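Now for the letters of each chain:
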Amino acid sequence: MSDKEGEINMSCSTKIISYMHQYLDEEIEEENLKELKQHLDQCEECATHFHELKKTIALVQSTSHIHAPMNFTENILDRLPEEPKRVRVKRWLRHHPMLAAASLFLILMVSSLMSAWNQDHQFSVSKQPNILVENNTAIVPEGETVKGDIIVRNGDIKIEGQVEGNVTVINGKKYMASASQVTGEIKEVNEVFEWLWYHIKKTVTDFTELFSNDDMKDKNSLPAI
Amino acid sequence: MEALVKKRIQQVLKGDKNAFGDIIELYKDKVFQICYRMLGNRHEAEDIAQEAFIRAYVNIHRYNMEYKFSTWLYRIATNLCIDRIRKRKPDYYLDAEVPGTDGLNMYSQIPSEGKLPEEDVESMELQAMIQREISKLPEKYRAVIVLKYIEELSLNEISEILELPLGTVKTRIHRGREALRKQLRYV
């Protein structure tokens, strides 16, 4: 068979074959088309060759058009990677502006409280001149009177004297001597949520104080009398 | 159609996954057909056609709106097909040379008194045979023949899809036609 191919190419120049392909690509020039037609009339082998080429194309084109399998689109959509978070968040924000504002407020509030919680793991005590400090323990000595609220963080408090105000112990314990006296409330805060609750209450109290400043001034001045 | 496609692409770029579903619907048959004719069997064709759409989705930001979307999509599909053909193991390749048999088997299992006319069976067999011959072509000829005669694309489009000079595309089509002619001349 390959010998025969050789013969064709030998007897009829590759030029004619090239014209055939130009014809099939619809790019043949007028003159060359005439030459091709003339040659095909004379040369049986080339005519067969040309016929076979056209038949080949017809056969390939006859292959019926096939369709994608069932559920093709659904299968792809299931396999697509998740939309980037950024996009999903943006779309959510567009659809729920009020919820977005509310949740933003909540996030900011919680995160500021959490960072406050994380920051103060060091012992600290509110500054009053007559409080002693020994090994993470604040001491209200016997016979002394501490004026104002006391807040102890990450440590204990031992009250032997008097306190005119509230005592709050965060992450610690209180020890009371029998002679001690606290005029205000005594609170121990140990858990994170209790602490949060304490903070929220405090924020709200501070807030109300802002609005009723004058009243508070009057109240504050009372103990001093 | 291009205008609609570009609108959908804008939506996909903004992150709308469902807009991409519309794009798949528009092109799934063409892409599947390219893959099927290139690879010769439905299973692999489905696999690669899906992969082509997924790649298009992931890389959608790289698509240049100045060009036809189909050109870009078909380029992804043909490149994946060519990669798959090159990665085939030799024994698997021999398997794949018997394409369309899943369709043929299905019909050949129908009893002779079945409803299918004899002509249809013959046509199925002829189709399978032609596909087998296409699958025998070296992949560089196969790609141009599939794009030209099955997808009926212009030489310019084929040159853009395959990122080849027009002259190279022509040469490959000529050689592909000659190779197929030798294979199909006694049909």
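Residues numbered from 1 in each chain as written. Chains lettered and ligands numbered in written order. Predicted model: local features only at pLDDT ≥ 70, side-chain atom pairs only at ≥ 80, totals over all residues. Heavy atoms only, no water.

Going by the annotation in an unreviewed UniProt entry, the name recorded for chain B is RNA polymerase sigma factor, with Niallia alba given as the source organism. Regarding chain B, the UniProt comment filed under Sequence similarities (unreviewed entry) reads as follows: "Belongs to the sigma-70 factor family. ECF subfamily." (UniProt positions renumbered as here; feature names shortened; annotations may be inferred.)

Trainee: Any chance you could explain the overall build of chain A here in plain terms?
Mentor: The helix and strand inventory of chain A stands at 9 helices and 11 strands. Of the contacts made within chain A by residues no fewer than 6 positions apart, 24% connect residues no fewer than 24 positions apart. Carbon and sulfur atoms form 55% of the exposed surface of chain A, whose accessible area is close to 15,300 Å². (Helix = DSSP H or I, 4+ residues; strand = E, 2+ residues; numbered from the N terminus. Contact = heavy atoms within 4.5 Å. Areas by Shrake-Rupley, 256 points an atom, 1.4 Å probe, with all protein chains shown as cover.)

Trainee: Even after reading the chapter, I still don't get the packing of helix H4 (residues 69-87) of chain B against helix H9 (residues 155-162) of chain B, so can you show me in this structure?
Mentor: Packed helices, taken two at a time, are described by the angle between their axes plus the distance between the axes. Residue and element names in this part refer to chain B. Running from amino to carboxyl end, H4 crosses H9 at an angle of 55 degrees, the nearest separation of the two axes being 8 Å. As summarised for this structure, H4 and H9 are arranged oblique, according to the angle between their axes. At the point where H4 passes H9, the crossing takes the right-handed sense. Touching Thr-71, Tyr-74, Arg-75 and Thr-78 of H4 are Glu-160, Ile-161 and Leu-162, all from H9. Taken together, the residues of the contact of H4 with H9 break down into 3 nonpolar, 2 polar and 2 charged. (Axes fitted to C-alpha atoms, helices over the stretch in contact; angles between N-to-C directions. Parallel < 35°, antiparallel > 145°, perpendicular 65-115°, else oblique. Left-handed = near helix turned anticlockwise from the far one by under 90°. Nonpolar A, V, L, I, M, F, W, Y, C, P; charged D, E, K, R; others polar.)

Trainee: Sorry if this is basic, but what is going on with the packing of aromatic side chains here?
Mentor: Working definition: an aromatic ring pair is given by the centre-to-centre distance plus the angle between the planes. Residue and element names in this part refer to chain B. Applying the stated criterion across every chain, the model contains 8 aromatic pairs over all chains. Ring centres 5.6 Å apart and planes at 55 degrees place the aromatic pair Tyr-27 and Phe-69 in the tilted group. Taken together, the positions of Tyr-27 in helix H2 (residues 17-39) and Phe-69 in helix H4 put the pair 42 residues apart, joining distant regions of the chain. With relative accessibility at 3%, the residue Tyr-27 sits in the buried group. (Phe/Tyr/Trp six-rings, centres within 6.5 Å; stacked < 30°, edge-to-face > 60°. Buried < 20%, exposed > 50% of the residue type's maximum accessible area, 1.4 Å probe, protein only.)

Trainee: How do you make sense of the pattern of salt bridges when you look at a structure like this?
Mentor: Tallied over the entire structure, the rule returns 18 salt bridges over all chains. In this structure, B:Glu2 engages B:Lys6 in a salt bridge whose closest nitrogen and oxygen atoms are separated by 3.6 Å. Of the two residues, B:Glu2 and B:Lys6 both sit in helix H1 (residues 2-13), 4 residues apart, roughly one turn of that helix. Taking relative accessible area as the criterion, B:Glu2 reaches 22% and is therefore assigned partly exposed. Here B:Arg84 ties to B:Glu44 by a salt bridge, and the two come within 3.0 Å at their closest N and O atoms. In this pair, B:Arg84 is assigned in helix H4 and B:Glu44 in helix H3 (residues 42-58), connecting sequence segments 40 residues apart. Looking at B:Arg84, the relative accessible area reads 26%, which means it is partly exposed. Several salt bridges converge on common partners, so that one network encompasses A:Glu52, B:Glu178, B:Arg181 and B:Arg185. (Salt bridge = Lys/Arg side-chain N within 4 Å of Asp/Glu carboxyl O.)

Trainee: Mind showing me how you'd approach a nonpolar patch on the surface here?
Mentor: Among the surface-exposed residues, A:Val89, A:Trp92, A:Leu93 and A:Leu99 lie close enough to one another that they form a single nonpolar patch of about 370 Å² accessible area. Mapped onto the fold, A:Leu99 is located in helix H7 (residues 97-119). (Patch = residues over 30% accessible without salt bridge, like charges linked within 9 Å, V, L, I, M, F, W, Y side chains within 5 Å.)

Trainee: In this structure, what is going on with the nonpolar core? I would like to understand it.
Mentor: In globular proteins that are soluble, nonpolar side chains generally tend to be buried together. Within the largest apolar cluster, 76 residues are counted, with the highest numbers of intra-cluster contacts made by B:Phe20, B:Tyr27, B:Val31, B:Cys35, B:Met38, B:Phe53 and B:Phe69. Broken down by element, this core gets its largest block of residues, 12 residues, from H2(B). Split by domain, the residues of this core number at least three in each of domain 1 (1-88) and domain 2 (115-186) of chain B. Those residues in contact with B:Phe20 that lie beyond four places of it in its chain are A:Leu80, B:Val12, B:Phe53, B:Ala56 and B:Tyr57. If you look at the next biggest cluster of nonpolar residues, it comprises 12 residues, including A:Ala138, A:Val152, A:Ile157 and A:Ile159. (Core = buried A, V, L, I, M, F, W, Y, C linked by side-chain atoms within 4.5 Å. Domains from an automatic or database assignment.)

Trainee: Teacher, can you tell me more about H2(B) here?
Mentor: Side chains three or four residues apart in an α-helix point the same way, a direct result of the helix having 3.6 residues per turn. Residue and element names in this part refer to chain B. Its 23 residues give H2 an end-to-end C-alpha distance of only 29 Å, which falls more than 12% under 33 Å, the value for a rise of 1.5 Å per residue. Here H2 lies mainly inside the structure; 17 of its 23 residues are buried. Of the residues flanking the start of H2, the one acting as N-cap is Asp-16, its side-chain oxygen 3.0 Å from the backbone nitrogen of Asn-18. In the stretch just after H2, Gly-40 is the one whose phi turns positive, near 85 degrees. (Expected span 1.5 Å × (residues − 1). Polar contact = N/O pair within 3.5 Å; in protein donor to acceptor, adjacent residues only side chain to side chain.)

Trainee: Would you mind showing me how to read the sheet that holds strand E8 (residues 167-170) of chain A here?
Mentor: The pairing of strands in a sheet comes from backbone hydrogen bonds and takes either a parallel or an antiparallel form. Residue and element names in this part refer to chain A. Ordered in space as E1-E5-E8-E11, the 4 strands form an open sheet in which the pairing is mixed. Each edge of the sheet is formed by a strand with only one pairing partner; in this case those strands are strand E1 (124-125) and strand E11 (186-189). Note that strand E5 (residues 150-153) and E8 share 4 bridges and pair parallel. Looking across to E8, one finds that Ile-151 is bridged to Thr-168. (Pairing = 2+ DSSP bridges.)

Trainee: Honestly, the interface of chain B and chain A in this entry has me stumped. Any pointers?
Mentor: It is common to give the size of an interface as the accessible area that goes away when the parts come together. Chain B puts 44 residues into the contact, and the matching count from chain A is 37 residues. By the criterion of area lost to chain A, the three top residues of chain B are B:Lys17, B:Arg181 and B:Arg185, representing 16% of everything that side buries. Connecting chain B to chain A are 5 salt bridges. B:Arg181 is paired through a salt bridge with A:Glu52; the nearest N and O atoms lie 2.4 Å apart. In this assembly, chain B and chain A are joined by 17 residue pairs in polar contact (both at pLDDT 80 or more). At the level of secondary structure, the elements contributing two or more residues to the side of chain B that touches chain A comprise H2, H3, helix H7 (118-136), helix H8 (139-150) and helix H10 (166-184) of chain B. No other element matches H2(B), which puts 11 residues into the side of chain B that touches chain A. Residues of the side of chain B that touches chain A, tallied by class, amount to 21 nonpolar, 6 polar and 17 charged. (Buried area = accessible area lost by both parts, 1.4 Å probe.)

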